[in-house]
Amino acid sequence: MMASQNMDPAVAEISSKGIPNLNNGTKETHSATKRLQKELSTLMMCGDKGISAFPEGDNLFRWKATIQGPSGTVYEGLLYKLVMEFPSSYPYTAPTVKFETPCYHPNVDQHGNICLDILKEKWSAMYDVKTLLLSLQSLLGDPNIESPLNIHAAELWDSQVLYKKIVREKYNKDVLGK
Amino acid sequence: MATAADSQDGEEATPSPNSSENGTFECNICLDTARDAVVSMCGHLFCWPCLHQWLETRPTRQVCPVCKAGISKEKVVPLYGRGSTNQQDPRDKVPPRPAGQRSEPENNTNFPGFGFGGDGGLHFSFGIGAFPFTFFASTLNLNDGRPQPPSAGTPQYAEEQFLSKVFLWVAVLFIFWLLIA
């Protein structure tokens, strides 16, 4: 085990040489790039059901992601698009994640901003794109009513039938254009 | 909110299907095989540069990225693989990995701190300090070294003899008081 551990950095060194357009070659950007590439390959290897993410164009620091509404919730069967922007200090600071698809949810405002502790003060360097998307997916079905961004949605959450009706109406209007 | 952590735990066991074998030795921050590896007291593995950067990023909240236990630079243990320390590449900003701490094994059944029995004998040091005297002493000691004792017969000599007798009595009384109190 130890022998392979000592050998691996050399292998990693070789693989890191293949990084495209590393314009500003600071160490920080380099480590962020390296990690994002690693995350991307992990995500592509194991396709998680219900979430997906891919860099937008050549820019590794801006990703487009989708999450499916978790089954058994009012969001079941709906697909939401998100934008993730990674700072050069990633993973030491959290990425900015926003809903691109309008989302009627207690913790999402009208601009798509998300209020989630692990995106702010509870961020940890071990969270990655996958865990973030899974967390957001579970946030859909399990909102924090205590600190809402969308007060209307928070108040309505308890009456699930009506809530579901509004979610579907808004989704149909905003996304499907019906 | 709480579910964020829950899903996390489930994920940890299998980081990805292809690397699940090596996953045991991957840094929790860069997700690569840990270089200059250190392990926290809570048992989580990191590259030392990665962990150092994490701790630098948030000086006020020093927590383990994995389990959020309190950690500090002093309380991480470096892991030395065979011959790995020679390959350490020089990094300018990162301070050297903290050294491993080595404590001597406890050798016998004797209660540490008490040297009863054996050849050691019993050692006691006894000190009595009271504010005015120590204050006096430190004031007098401000000059370099102690002043020469005055020769016998001078008024200063008589005065010092008197003073030392007074202090002796004070000490005796104090010890007596300690004994009866």
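Residues numbered from 1 in each chain as written. Chains lettered and ligands numbered in written order. Predicted model: local features only at pLDDT ≥ 70, side-chain atom pairs only at ≥ 80, totals over all residues. Heavy atoms only, no water.

### Remarks on the sheet that holds strand β1 (residues 51–56) of chain A
Two orientations exist for strands paired in a sheet by backbone hydrogen bonds: parallel and antiparallel.
Residue and element names in this part refer to chain A.
Thought 1: The strand order across the open sheet formed by four strands is β1-β2-β3-β4, and the pairing between neighbours is antiparallel. Two strands close off the open sheet at either side, each with one partner strand: β1 and β4 (96–99). Pairs of neighbouring strands in the sheet enclose a mean axial angle of 25°, with direction left out of account.
Thought 2: The sheet strands contacting helix α2 (residues 27–45) are β1 and β2 (59–68), and the helix crosses β2 at an angle near 35°. (Pairing = 2+ DSSP bridges. Helix = DSSP H or I, 4+ residues; strand = E, 2+ residues; numbered from the N terminus. Axes fitted to C-alpha atoms, helices over the stretch in contact; angles between N-to-C directions. Contact = heavy atoms within 4.5 Å.)

### Focus: the UniProt feature "transmembrane region" (unreviewed entry) in chain B
Thought 1: Residues annotated in UniProt with the feature "transmembrane region" (unreviewed entry) correspond here to residues 122–142 and 162–180 of chain B.
Thought 2: Strand forms 0% of residues 162–180 of chain B and helix 100%; the C-alpha atoms that close the span are 27 Å apart. (UniProt positions renumbered as here; feature names shortened; annotations may be inferred.)

### Thoughts on unusual backbone geometry
Thought 1: Following Tyr90 of chain A, the chain continues to Pro91 of chain A via a peptide bond in cis, the omega torsion being 5°.
Thought 2: Summarising the element assignment, Pro91 of chain A is placed in the loop between β3 (79–85) and β4.
Thought 3: Although it is not a glycine, Leu31 of chain B sits at a positive phi angle of roughly 65°.
Thought 4: Here Leu31 of chain B shows up in the loop between α1 (2–12) and β1 (37–40).
Thought 5: The backbone of Lys68 of chain B shows a phi angle near 65°, a positive value even though the residue is not glycine.
Thought 6: Position of Lys68 of chain B among the secondary structure elements: in the loop between α2 (48–57) and β3 (76–78).
Thought 7: Given a relative accessible area of 30%, Lys68 of chain B falls into the partly exposed group. (Buried < 20%, exposed > 50% of the residue type's maximum accessible area, 1.4 Å probe, protein only.)

### Quick notes on the pattern of salt bridges
Thought 1: Scanning the entire structure with this criterion turns up eight salt bridges over all chains.
Thought 2: Residue Asp32 of chain B pairs with Lys34 of chain A through a salt bridge whose shortest N-O separation is 3.8 Å. You can see Asp32 of chain B sitting in the loop between α1 and β1 and its partner Lys34 of chain A sitting in helix α2, one on each of two chains.
Thought 3: Take Asp32 of chain B: its relative accessible area is 17%, and that puts it in the buried class. (Salt bridge = Lys/Arg side-chain N within 4 Å of Asp/Glu carboxyl O.)

### Some thoughts on the sheet that holds β1 of chain B
All names here are of chain B.
Thought 1: Reading across the sheet, the three strands line up as β2-β1-β3 and stay open at both edges, with antiparallel pairing between neighbours. The open sheet has two edge strands with one neighbour each: β2 (45–47) and β3. On average, each strand axis in the sheet is tilted by 35° relative to the strand beside it, whichever way the strands run.
Thought 2: Examined bridge by bridge, β1 and β2 share three bridges and lie antiparallel to one another. In the sheet register, Ala37 faces β2, and the bridge partner there is Cys47.
Thought 3: Against the sheet, α2 makes contact with β1, β2 and β3, and its axis sits at roughly 90° relative to β2, the strand it touches most.

### Notes on the environment of Pro95 of chain A
Residue and element names in this part refer to chain A.
Thought 1: Within the fold, Pro95 resides in the loop between β3 and β4.
Thought 2: The class for Pro95 is buried, based on a relative accessible area of 3%.
Thought 3: Considered as a pair, Pro95 and Asp128 are 33 residues apart in the sequence and their alpha carbons are 9.4 Å apart.
Thought 4: When near neighbours in sequence (up to four residues on either side) are disregarded, Pro95 contacts Glu85, Phe86, Pro87, Tyr90, Leu119, Trp123 and Leu132.

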